[in-house]
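Analysis of the macromolecular model
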Amino acid sequence: MKRFNDFTDERYKGYCLHCAARLGKMRQTRDHVPSKVLLDHPLPDNVHVVDICEKCNNGFSADEEYFAAFLGAAMYGGVNPVPDMFESARRALRGNLKLAREIAERVERFTDEDGISRLTWYPDLERVRSVVVKMPGGTHFMSWDSLAKMSRRKCSFTL
Ligand SMILES: [Zn+2]
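On a predicted model such as this, the values are computed, not experimentally measured, just so you know. (Residues numbered from 1 in each chain as written. Predicted model: local features only at pLDDT ≥ 70, side-chain atom pairs only at ≥ 80, totals over all residues.)

**Focus on the packing of helix α1 (residues 54-76) against helix α2 (residues 87-95)**
Our working definition: Axis angles are defined between N-to-C directions and span 0 to 180 degrees, where every axis is a line fitted to C-alpha atoms and, for a helix, only to the segment in contact. Counting from the N terminus, the helices are DSSP H or I runs at least four residues long and the strands are E runs at least two residues long. Between 65 and 115 degrees an angle is taken as roughly perpendicular, under 35 as roughly parallel, over 145 as roughly antiparallel, and anywhere else as oblique. With C-beta atoms placed from the backbone, a contact is any residue pair whose C-beta atoms sit within 7 Å. In the scheme used here, Gly and all other residues not listed as nonpolar or charged are polar, with Ala, Val, Leu, Ile, Met, Phe, Trp, Tyr, Cys and Pro taken as nonpolar and Asp, Glu, Lys and Arg as charged.
Contact pair α1 / α2: the axes reach a minimum separation of 8 Å and the direction vectors enclose 100 degrees. When the interaxial angle is binned, α1 and α2 end up roughly perpendicular. Taking contact as the criterion, the partners of Glu65, Ala68, Ala69, Leu71, Gly72 and Ala73 in α1 are, on α2, Ser88, Ala89, Arg90, Ala92 and Leu93. By residue class, the composition of the contact of α1 with α2 is 7 nonpolar, 2 polar and 2 charged.

**Things to note about the nonpolar core**
The tendency in soluble globular proteins is for nonpolar side chains to be buried as a group. How we decide: By convention in this section, buried Ala, Val, Leu, Ile, Met, Phe, Trp, Tyr and Cys residues joined through C-beta atoms within 7 Å make up a nonpolar core. Any residue whose C-beta has 12 or fewer other C-beta atoms within 10 Å is treated as exposed, any with 20 or more as buried, and any in between as partly exposed, C-beta atoms being built from the backbone.
Counting 16 residues, the largest nonpolar core has Phe67, Ala68, Ala69, Phe70, Ala89 and Leu93 as its most contacted members. Every element with two or more residues in this core is listed here: α1, α2 and α3 (97-105). Per-element tally for this core: the top contributor is α1, with 7 residues.

**Quick look at the confidence of the model for the protein**
Definition in use: Values of pLDDT, ranging from 0 to 100, describe the predictor's confidence in every residue of the model.
Confidence in the prediction of the protein, expressed as mean pLDDT, is 81, and 78% of residues score 70 or more. Taking the mean pLDDT of every element in the protein, the minimum, 46, falls on helix α5 (residues 144-154) and the maximum, 97, on α3. Contacts for the low-pLDDT stretch residues 150-159, under 50 throughout, to residues beyond four places or in other chains number 4 contacts.

**Some details on unusual backbone geometry**
Residue proline 34 is bonded to the preceding valine 33 through a cis peptide linkage, with omega at 0 degrees. If you trace the backbone, proline 34 turns up in the loop between β2 (28-33) and β3 (48-53). Following histidine 41, the chain continues to proline 42 via a peptide bond in cis, the omega torsion being 0 degrees. Counting through the fold element by element, proline 42 comes out in the loop between β2 and β3. Unlike most non-glycine residues, alanine 20 shows phi in positive territory, near 65 degrees. Tracing the chain through its elements places alanine 20 in the loop between β1 (5-6) and β2. The exposure class assigned to alanine 20 is exposed, which follows from the 9 C-beta atoms found within 10 Å.

Set out below in structure tokens:
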């Protein structure tokens, strides 16, 4: 089993970073920052995790599946999973036909001024927002010390 480092800032430990529920008595889970659906497998060794409550994690999981499926469909021009599509999109579109149908129902075909047939993909903005807003929240909860170490590894930025 792969081990991940918990970079939760000490001041926030014990609370769900998304709903602020106290984690002591409730079941808690670990959330990857950034979301696993945006990472290639195998996951890098230095993926960061923060503690969140099970309810929030389950809610995000559904939104993350949608986010990956939508990105894959829009990038590859359809909801049929193709080999070049990134893994989480392929898995979501292959394994969740209801989700694929929902995405396909929100596509509009139009002909541009050059006579070329094109598609416009309309996402469920609430689900996309859920995933996009979650990531800076997770990053904020990582300790400044771990962020400083990451920054030093990737560029010459100094805190
Ligand atoms: Zn929560």
